[in-house]
Amino acid sequence: MSMSKEEAARGYWRENLKLMMMLLVVWFVVSFGAGVLFVDQLNAITFFGFPLGFWFAQQGSIYAFVVLIFVYVWKMNQLDRKYDFHEE
Amino acid sequence: MDTQTLIYLFVGATFALYIGIAIWSRAGSTSEYYVASKGVHPIANGMATGADWMSAASFISMAGIISFTGYDGSVYLMGWTGGYVLLAMCLAPYLRKFGKFTVPEFVGERYYSQTARVVAVICVIFISFTYVAGQMRGVGIVFSRYLEVDINTGVVIGMAIVFFYAVLGGMKGITYTQVAQYCVMIFAYMVPAIYISILITGNPIPQLGFGSEVIGTGQSVLERLNGLGAELGFGAYTDGSKSTIDVFFITMALMVGTAGLPHVIVRFFTTPTVRDARKSAGYALLFIAILYTTAPAVAAFARTNLLTSVPNTAYQEVPAWLTTWENAGLIAWQDKNNDGVIQYGPGTPFVGAPKFTDERGANGERLLSNEPTAAATELYVDRDIMVLANPEIAQLPGWVVALIAAGGLAAALSTAAGLLLVISTSVSHDLLKSNMAPNITEKQELLAARVAAGVAIAIAGLFGIYPPAFVAQVVAFAFGLAAASFFPVIVMGIFSKKMNKEGAIAGMVVGLTFTFGYIVYYKFINPAATADDWWFGISPEGIGTLGMIFNFIAAILVASVTKAPPEKIQHLIEDIRIPRGAGAAVDH
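Numbering of residues begins from 1 in every chain and follows the order in which that chain's sequence is written. Note on labels: chains are lettered from A, ligands numbered from 1, in written order. Reporting in this predicted model follows two pLDDT cut-offs: at least 70 for local features of residues, and 80 or more for side-chain atom pairs to be given and counted; totals over whole chains, interfaces and linings ignore these cut-offs and use all residues.

If you check an unreviewed UniProt entry, chain B appears there as Cation acetate symporter from Pseudomonas abyssi. UniProt positions are given in the numbering used here, feature names are shortened, and annotations may be inferred rather than shown by experiment. What UniProt records for chain B under Sequence similarities (unreviewed entry) is the sentence "Belongs to the sodium:solute symporter (SSF) (TC 2.A.21) family." Turning to chain B, the UniProt annotation filed under Subcellular location (unreviewed entry) states: "Membrane".

Identification of chain A as Sodium symporter small subunit domain-containing protein from Halopseudomonas pachastrellae is taken from an unreviewed UniProt entry.

Asker: Can you walk me through the overall build of chain B in this structure?
Answerer: Along chain B, the regular secondary structure elements total 23 helices and four strands. Relative to the 2.2 N^0.38 estimate, which gives 25 Å for 588 residues, the radius of gyration of chain B is 25 Å and therefore close to what a compact globule would have. Oriented by its inertia axes, the alpha-carbon framework of chain B measures out at about 80 × 55 × 45 Å. Partly exposed residues are those falling between the two cut-offs: more than 12 but fewer than 20 other C-beta atoms within 10 Å of their own, whereas 20 or more means buried and 12 or fewer means exposed, with C-beta atoms placed from the backbone. For chain B, the proportion of its 588 residues judged to be buried stands at 58%. Residues are treated as contacting if the C-beta atoms built from their backbones sit within 7 Å of each other. Sequence-distant contacts, at least 24 apart, represent 81% of the contacts inside chain B between residues at least 6 apart. The helix and strand labels rest on DSSP assignments: H or I over at least four residues marks a helix, E over at least two residues marks a strand, and numbering proceeds from the N terminus. We take the radius of gyration over the C-alpha atoms and set the globule estimate at 2.2 Å times the residue count to the 0.38 power.

Asker: Can you walk me through the UniProt feature "transmembrane region" (unreviewed entry) in chain A in this structure?
Answerer: All names here are of chain A. Taking the UniProt record as the reference, the feature "transmembrane region" (unreviewed entry) is found at residues 21-39 and 45-74. Secondary structure across residues 21-39 comprises 95% helix and 0% strand; the distance between its end C-alpha atoms is 23 Å. For residues 45-74, helix accounts for 77% and strand for 13%, while the C-alpha atoms at its two ends are 33 Å apart.

Asker: Help me understand the domain arrangement of chain B in this model?
Answerer: A common way to express how large an interface is: the accessible area buried when the components associate. An automatic or database domain assignment supplies the start and end points of every domain. On domain assignment, one finds that chain B holds domain 1 (3-305 + 396-577) and domain 2 (331-381). Of note, the centres of domain 1 of chain B and domain 2 of chain B, computed from C-alpha atoms alone, are 36 Å apart.

Asker: What is the right way to read the environment of Gly364(B) from this model?
Answerer: Residues and elements named next belong to chain B. Along the chain, the position of Gly 364 falls in the loop between strand S2 (356-360) and strand S3 (366-368). According to the C-beta neighbour criterion, Gly 364 is exposed, with 10 such atoms within 10 Å. Once the C-alpha coordinates of Gly 364 and Leu 388 are considered, the two residues, 24 residues apart in sequence, prove to be 23 Å apart.

Asker: Help me understand the interface of chain A and chain B in this model?
Answerer: Each partner contributes residues to the interface: chain A has 37 residues there, and chain B has 41 residues. At the level of elements, helix H1 (5-37), strand S2 (50-51) and helix H3 (52-82) of chain A are the ones that each hand at least two residues to the side of chain A that touches chain B. In terms of residue count, H3(A) provides more of the side of chain A that touches chain B than any other element does, 16 residues in total.

Asker: So what exactly am I meant to see when it comes to helix H5 (residues 74-98) of chain B here?
Answerer: Since the α-helix packs 3.6 residues into each turn, any two residues three or four apart lie on the same face. Residue and element names in this part refer to chain B. In this analysis, the expected span of each helix is defined as 1.5 Å times one less than the number of residues it contains. The end-to-end C-alpha distance of H5 is 35 Å, a good match for the 36 Å that 25 residues give at a rise of 1.5 Å each. If you look at H5, its biggest bend is around 55°, right at Leu 87. The element H5 is largely enclosed, with a buried count of 24 among its 25 residues. Of the residues one or two after H5, Gly 99 is the one with positive phi, at around 75°. The reported bend at a residue is simply the angle between two axes, fitted to the 7 residues ending at it and to the 7 residues beginning with it.

Asker: Quick question: what am I supposed to make of the pairing of S2(B) here?
Answerer: Residue and element names in this part refer to chain B. Of all five residues in S2, zero are buried; the element is thus mostly exposed. A pair of strands is considered paired only if DSSP assigns at least 2 bridges between the two. Alignment of S2 against S3, held across two bridges, turns out to be antiparallel. Of the residues in S3, the one forming a bridge with Arg 360 is Arg 366. Counting the residues that bridge the hairpin from S2 to S3 gives five residues, and of these Gly 364 lies at a positive phi of roughly 95°.

Asker: Sorry if this is basic, but what is going on with the confidence of the model for chain B here?
Answerer: Parts of the model with low pLDDT should not have their predicted coordinates read in detail. Residues and elements named next belong to chain B. What pLDDT conveys is the predictor's confidence in a given residue, as a value from 0 to 100. Chain-level statistics for chain B give a pLDDT mean of 86 and a share of 97% at 70 or above. Per-element mean pLDDT across chain B ranges from 75 in helix H19 (residues 471-484) up to 94 in helix H22 (residues 543-561). Taken together, the stretch residues 583-588 has pLDDT below 50 and engages in 14 contacts with residues farther than four places along the chain or on a different chain.

Asker: Even after reading the chapter, I still don't get unusual backbone geometry, so can you show me in this structure?
Answerer: Glycine aside, the phi torsion of most residues is negative, and most peptide linkages are trans. Backbone geometry places Asp84(A), a non-glycine residue, at a positive phi of 60°. Relative to the elements of secondary structure, Asp84(A) occurs in the segment after H3. According to the C-beta neighbour criterion, Asp84(A) is partly exposed, with 14 such atoms within 10 Å. Residues other than glycine seldom take positive phi values, yet Phe536(B) does so here, at roughly 50°. Given 11 C-beta atoms within 10 Å, Phe536(B) falls into the exposed group.

Next comes the structure, spelled out in structure tokens:
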């Protein structure tokens, strides 16, 4: 790639923000969406012995958070390489 | 060996381990003392963060709170884990790239202002002391319950241990001690949880047992809980009693507050690279999630057990653990209708905490001098019982009880040490070195940090011995203030190049004053106020979210009419946004 450091930094930052926003939307949906705002509607569904909304509030959201961070780590490592900002 | 001997053995062995680690990892420079020379492996840092984060309250009280509040308890589960997502994506990698020692240091440099730095230091000290008071009390309580020493003696022993490894080892000593403490506490939490899960559902994984059928009933755990609760007049376990807006705001305040807590943020300053900072946030949450997904299962099992074995049972036929913990003062029964049978239902059985007389009643129960209430319920159950009594409920051997004692101490000590370090660092680095005495040598600064840690431990100990009556109430402060002050200032410092000194200070002042004022008004000035009086139905616990929004608004408004930050700062922001280049993550 033959772009200037500045262009690279701008491109990197744009993609970073896009990734972050996407993951934060999921973060919001699994916790505030499924576990708080729509909990009553989801509770009508049974999921492995749990009312689904309750499961999201006490189990599912936490699993999702862990997965989200690791997806972020993985994607950012790719991004670091793509724009040649990786350490070592 | 009897249980008491085992407890001494386990607690003694873990303490010896912590001290051994402290001696092995003692700090020789300020970099070692403040950030463990930025050489901590992401998995080790993840465990240390987990231990740092999970306090005596997480270990001992959280399952109990959920047990008594059902769905409403979800605010803690989501709130105290979801913050790590924000931390990993919005703060940790950039602060690591910035590459300094403390949170106030970032605020001061990014906003080119000593005033901002001093405001930040005051916030750090206030938030951390609020928190640490509860930890020291927790240490004292575990000591007095398990080791049969006085609470105050327990606090002093705890202080001595923390003093030893925090003052000697600094961040380096604390980090490796916390790794050991994480292992002790997670093992201590999981063993009884797995046994109880097998006992009630036959499934050895508590997270799955939580959704399974209760053996011999054909009903799932939650169906049974809802059913048993309804018979006794309780609301459904899976439905909440708080309003949706309040649940939303409390959860958000806890999440954002978590991401803004200085003792958590500073852990991400200790990794070798930016990449490791991201990764260790993932590990930290993974290690925390093990306990946080088990806690609601433990809560449901313990409640099922309580509701099946105790209500409408004659006192003389109740399981042995009930009388054991009655003797310890955590359960009390007042036979209001004199039928010798325990009635249990919603409401409180009597006014205030139980005050036992030395006499025994007709059935052998401990008599109380409390004024009974009009409610039919006769049973008082301390929420901590849900974790503490588990080994006996599941009829586990004595060594498991000993494990719980060691685990509770590990949880309290690790959190206390992390907080004390942050306090001492703020004093020696942000107040002394950068403000009051910039000419001191590194040796003197290190000495100052150690002296500050010693003084902070002594003050924390005093809080433990003479707990201010409002300790439980001010926890809302710590999260609310962190949410309304640090989080917005740091996030805007990274994500906006236009945010300037004036905007940041205005934001912090508005966010802090509003949140502080609201909490003080509803907690202390007008504690009789009900949910109807709250703004939009938001409780003081959740008001930090609104404070955060006000902080953002004020900062953006003020920044738009004042001068943009100098070019030097714009370059600084560009630097911290990329992991390498224009100064890689440096060693200071």
